[in-house]
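Understanding the architecture of this molecule
Here are the chains, one letter per residue:
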Amino acid sequence: MKEDIENTSDSSKETRNVFIGAKVTPTQKEYIKSLAAKCGMTVSDYLLSCAYNFKPKARLTKEEAALLQNLDDCRSDLVKYTSALHGMSTKQRVAMFNQIPFMVGWLKELGNVAESVCQFLNAIKEKNKIPSNPQSEEE
């Protein structure tokens, strides 16, 4: 069976022109269409990938894309700050880092950035979950 899957996965030159149908309710159809759309796929591509035991990942939502952009901006700011620190003389750096209020504020901000990065990374590391029957989760 594995050989069949491997052989058919190389069929990018082949046109998919054979239809396989399945009876579903209108609600199920809309649900499947929405899952495919979330992954940026057609229903055919989505179902075919599921048939080959591939679990498609949803694309980033607008909110997630904005968070990712914010993290990129934070990274850019950190690079700029690092460059600015390297541009200072040792005497200037020592004077700046000996200012307790400055250091406390700087470390708080750095901690906020680190926390945001960790939350985002943990959120995207979660595996896609197989849809289940809500009744079975209650038991």
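Up top you'll find the structure we're talking about.
The text that follows walks through the structure, step by step, so that each part is easy to find. (Residues numbered from 1 in each chain as written. Predicted model: local features only at pLDDT ≥ 70, side-chain atom pairs only at ≥ 80, totals over all residues. Heavy atoms only, no water.)

**Structural notes on the overall build of the protein chain**
Tallying secondary structure elements over the protein chain gives seven helices and zero strands in all. For the protein chain, the sequential pattern of α-helices and β-strands runs α-α-α-α-α-α-α. A separation of at least 24 residues holds for 43% of the contacts in the protein chain among residues at least 6 apart in sequence. Here the protein chain displays about 12,300 Å² of accessible surface, and carbon together with sulfur accounts for 58% of that area. (Helix = DSSP H or I, 4+ residues; strand = E, 2+ residues; numbered from the N terminus. Contact = heavy atoms within 4.5 Å. Areas by Shrake-Rupley, 256 points an atom, 1.4 Å probe, with all protein chains shown as cover.)

**Regarding the packing of aromatic side chains**
Counted under the stated rule, the structure contains one aromatic pair. Their ring planes at 55° and their centres at 5.8 Å tell us that Phe97 and Trp106 sit as a pair that is tilted. Residue Trp106 is classed as partly exposed on the basis of its relative accessible area, which comes to 32%. (Phe/Tyr/Trp six-rings, centres within 6.5 Å; stacked < 30°, edge-to-face > 60°. Buried < 20%, exposed > 50% of the residue type's maximum accessible area, 1.4 Å probe, protein only.)

**Observations regarding unusual backbone geometry**
Of note in the backbone geometry, Asn53 takes a positive phi value of approximately 65° without being a glycine. Within the element layout of this structure, Asn53 appears in the loop between helix H3 (43–51) and helix H4 (62–87). Classification of Asn53 by relative accessible area gives exposed; the value is 60%.

**Structural notes on the packing of helix H2 (residues 26–38) against H3**
Helix packing geometry: the angle between the two helix axes and the distance between the axes. Put simply, H2 and H3 touch, their axes get as near as 9 Å, and they point 90° apart. In terms of their interaxial angle, H2 and H3 are classed as roughly perpendicular. Facing H2, whose interface residues are Ile32, Lys33, Leu35 and Ala36, H3 presents Val43, Tyr46 and Leu47. Of the residues contributing to the contact of H2 with H3, the split by class is six nonpolar, no polar and one charged. (Axes fitted to C-alpha atoms, helices over the stretch in contact; angles between N-to-C directions. Parallel < 35°, antiparallel > 145°, perpendicular 65-115°, else oblique. Nonpolar A, V, L, I, M, F, W, Y, C, P; charged D, E, K, R; others polar.)

**As for the state of the cysteines**
Two cysteines joined by a covalent bond between their sulfur atoms form a disulfide. Applying the stated criterion to the full structure yields zero disulfides. Sulfur of Cys39: no disulfide; nearest cysteine sulfur belongs to Cys50 and is 7.9 Å away. (Disulfide = S-S within 2.5 Å.)

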